[in-house]
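# Structural description and commentary
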Amino acid sequence: MDMSELKHSPVLAPETSLINILGVVYAHKKTSDGGDLYLTRYGLKFDDLLEIENWYDPEWFNAHRERLAGTSSVFRVPTREVDGRHIDLVVKNCRVGEDVPIETHTLYEFINAEFNSPWEEFSLVMEMREGKFGPKELSIKTQLPLAIYVPPERLQLWQTGRSREKINKITRRHPGINLDILRQYKLVYQWIDGLNIIEANQMIGVEEDALVKSIERLNAKAIDDMEKKGYVVADMKPSHIIIHEREIEKMQRMAPDSSEATRRKIQSDFIDTMVAADIYSIIDYELLLRTPEHETKVKNERRHRYLDDQRDRFKKAELPPYLNQVELFNVPYVHGWAESTGGLLWVVGCNPGLFDFFLPERWRRTPCHQLSPDQEIYYTITKDNVHIVWKTSRVGEKAPPNCNSYRAHCIDECGYNSPFEEFGIAHELNNSGVPTVYIRAIYMTGNTRIEPMTDPRHYGIHRELHGSNEDGMLREDRNYITIRGFYNGPDSWVATHSDTFYSAFDLVKANFRGIFDHDECESLMKLTRDRLKNLGYDGTLLELNDVLVALGPDGRLILDNEGHPELRICNFELIHSI
């Protein structure tokens, strides 16, 4: 069932909106307690039972919940009966952002394992259920993913056990990451009737000497099946494999007065059947990931789709109902919520297909390399194999203490541009023949800004520009991150070349590598400032590391139409109108 089918579903209430996150369509509605409930197509069939009063009401939940074994908070709880029906649920707290407590052996094998965000977990489970990768005759059964519930309350800092000093330190290095865990997420699955393979073996009376061997066979079978279909669970345990109830009932009908030899034969036959047949389901998906082969295939497909979408990003396209088209400082954006953090996202262009690529869970926790010792600017490769550079906006801040007096005076005179001003300047420069790096997206974090705002001037400029957000597009209580492409060639070039790219260097590195001497770098810097001046901009505060040059795949310097080295500006926070 896709979005168009869901839209016309007879059980879709008028106050319910549709939203697509990482390929999964959800019916989203506000709950009676002010929280948010996201129903999958499976959950929509139990819409009435999943009203939070019918399962998460504190009195009901505390009285009827059964804590399940494991390291996380997982509960089985029945819903209240509605119109003569009810279902059993598995409710678990998402542990995204927490340390992964897995054994040393597993840690070496999955050194970068991390808990999936709720949206990533449901996306992977849905993908695995569809089973498009691997042998068609093989399928992996799972619990039905029904809903994601986000309570209205946010944890307080004291509840996290972190000091404000530590919070500030992490915020400076990874804005938007640390406080995401203040948002709680409840993942709701349908309960599967059955026993895990340890319980099933014990129930059929497998003797102690054969128990371990039997469990190992069944565990290996499940792992092998999953790998064939392109998936692996970083902390796979026998307790994650559930034998279906109907198979258990077959054994329960075994004659109690059977001879010992007969009982052992039946046990052996049953274990062989379990190994040979698909009579099990996999549960627990917070560390579910694709195998390297499958991941490479998916990343390549998504990267090609991304490059095609970027090439055509300014072509008008129909937007889904959960996204808006806005124009700010003459730049068109596709705009919407980042549901995983409660933040907002503005993606440059008119193409809604690009929105998912810049959701914070796709890039904020991937390994990154700091590009400047003085600024919060990082290079990373996203989970979709997209090379980006993200930078914390300094709007509202004063000049840093290590500035010389003249530069500090100039910065304090005009202030740092907002992300929207930066992108507006970059967009105009590009359209006017002055190359810049590619501007991609602006992300407003969901957490409250801790550092005090010391320069309010640019916030005033934005006061009347709401950008589809009733609180205003530039908020003093939020951090902003600009995302741009890591320049390795024109978009049109990169979209058609998978193994030949440009190599870009700022003028400082170009001097260090011997591409230019110091005087040549200063001459190129002057040329850049002159071009800005001709367009009505002051580039006095640009520095050598704010301008890039590039070598083509053949190692030759890329030149512009005038025969000069192509100079591409990569920093817009201190470019101002004259």
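Refer to the structure presented above.
These notes cover the structure that comes with them.

Thresholds applied
- Residues numbered from 1 in each chain as written.
- Predicted model: local features only at pLDDT ≥ 70, side-chain atom pairs only at ≥ 80, totals over all residues.
- Heavy atoms only, no water.
- Helix = DSSP H or I, 4+ residues; strand = E, 2+ residues; numbered from the N terminus.
- Buried < 20%, exposed > 50% of the residue type's maximum accessible area, 1.4 Å probe, protein only.
- Contact = heavy atoms within 4.5 Å.
- Areas by Shrake-Rupley, 256 points an atom, 1.4 Å probe, with all protein chains shown as cover.
- Pairing = 2+ DSSP bridges.
- Patch = residues over 30% accessible without salt bridge, like charges linked within 9 Å, V, L, I, M, F, W, Y side chains within 5 Å.
- Salt bridge = Lys/Arg side-chain N within 4 Å of Asp/Glu carboxyl O.
- Lys, Arg positive; Asp, Glu negative; His and termini not counted.
- Charge placed at Lys NZ, Arg CZ, Asp CG, Glu CD.
- Axes fitted to C-alpha atoms, helices over the stretch in contact; angles between N-to-C directions.
- Phe/Tyr/Trp six-rings, centres within 6.5 Å; stacked < 30°, edge-to-face > 60°.

Tallying secondary structure elements over the protein chain gives 17 helices and 26 strands in all. For the protein chain, the proportion of its 578 residues judged to be buried stands at 54%. Considering only intrachain contacts with a sequence separation of at least 6, the fraction spanning at least 24 residues in the protein chain is 66%. Of the roughly 27200 Å² of accessible surface on the protein chain, 50% is carried by carbon and sulfur atoms.

Time to look at the pairing of strand β5 (residues 74-78). Both strand β4 (residues 66-67) and β5 contribute to a ladder of two bridges, which runs antiparallel. Directly across from E66, in β5, lies its bridge partner R76.

A surface patch of like charges, here negative, comprises D517, D519, E520 and E522. Within the element layout of this structure, E522 appears in helix α17 (residues 518-534).

The strand order across the open sheet built from eight strands is β14-β15-β16-β20-β21-β19-β18-β17, with neighbouring strands paired in antiparallel fashion. Edge positions in the sheet fall to β14 (324-328) and β17 (368-370), since each has one partner strand and no second. Taking each pair of neighbouring strands and ignoring which way they run, the sheet shows an average axis angle of 25 degrees. Bridge analysis of strand β16 (residues 343-348) against strand β20 (residues 439-444) gives four bridges, and the strand direction is antiparallel. From the neighbouring strand, V347 faces β20, where its bridge partner is A441. Of the strands in this sheet, β14, β15 (331-338), β16, β20 and β21 (480-485) touch helix α13 (residues 419-431), which is tilted by about 170 degrees from β20.

A few words on the environment of F423. Within the secondary structure, F423 is located in helix α13. Classification of F423 by relative accessible area gives buried; the value is 3%. Put simply, F423 and N330 are 93 residues apart on the chain and 9.2 Å apart in space, counted from C-alpha to C-alpha. Not counting residues up to four positions away in its chain, the partners in contact with F423 are V331, Y333, V348, I439, R440, A441, I442, T482 and I483.

Moving on, we get to the sheet that holds β4. A sheet is described by the order of its strands in space; here eight strands give the open sequence β1-β2-β3-β7-β8-β6-β5-β4, paired in antiparallel fashion. The strands lining the two open edges of the sheet, one partner per strand, are β1 (17-21) and β4. Relative to strand β8 (residues 186-190), strand β6 (residues 88-93) is paired through five bridges, and the arrangement is antiparallel. Following the sheet pairing, K92 is matched in β8 by L187. Contacting β1, β2 (24-30), β3 (36-39), β6, β7 (145-150) and β8, helix α4 (residues 118-130) runs over the sheet at an angle of about 175 degrees to β7.

The subject of this paragraph is the pattern of salt bridges. Taken as a whole, this structure holds 35 salt bridges when the rule is applied. Among the salt bridges present, the one from E286 reaches R95, with a minimum N-O distance of 2.4 Å. Of the two residues, E286 is situated in the loop between β12 (280-282) and β13 (288-290) and R95 in the loop between β6 and α3 (104-109); the sequence distance between them amounts to 191 residues. You can call R95 buried: its relative accessible area is 10%. A salt bridge links R531 to D560, with the nearest nitrogen and oxygen atoms 2.9 Å apart. Of this pair, R531 sits in helix α17 while D560 sits in the loop between β24 (547-551) and β25 (568-569), placing them 29 residues apart in sequence. When salt bridges that share partners are traced, they join E120, R302, R362, R365, K383 and D384 into one network.

This part covers the packing of aromatic side chains. One pass over the full model with this rule turns up 22 aromatic pairs. Here W55 and Y56 contribute two aromatic rings whose centre-to-centre distance is 5.2 Å and whose plane-to-plane angle is 50 degrees, an arrangement assigned as tilted. You can call W55 buried: its relative accessible area is 1%. Taken together, the ring pairs connect Y26, Y38, W119, F122, Y189 and Y285 into an aromatic cluster.

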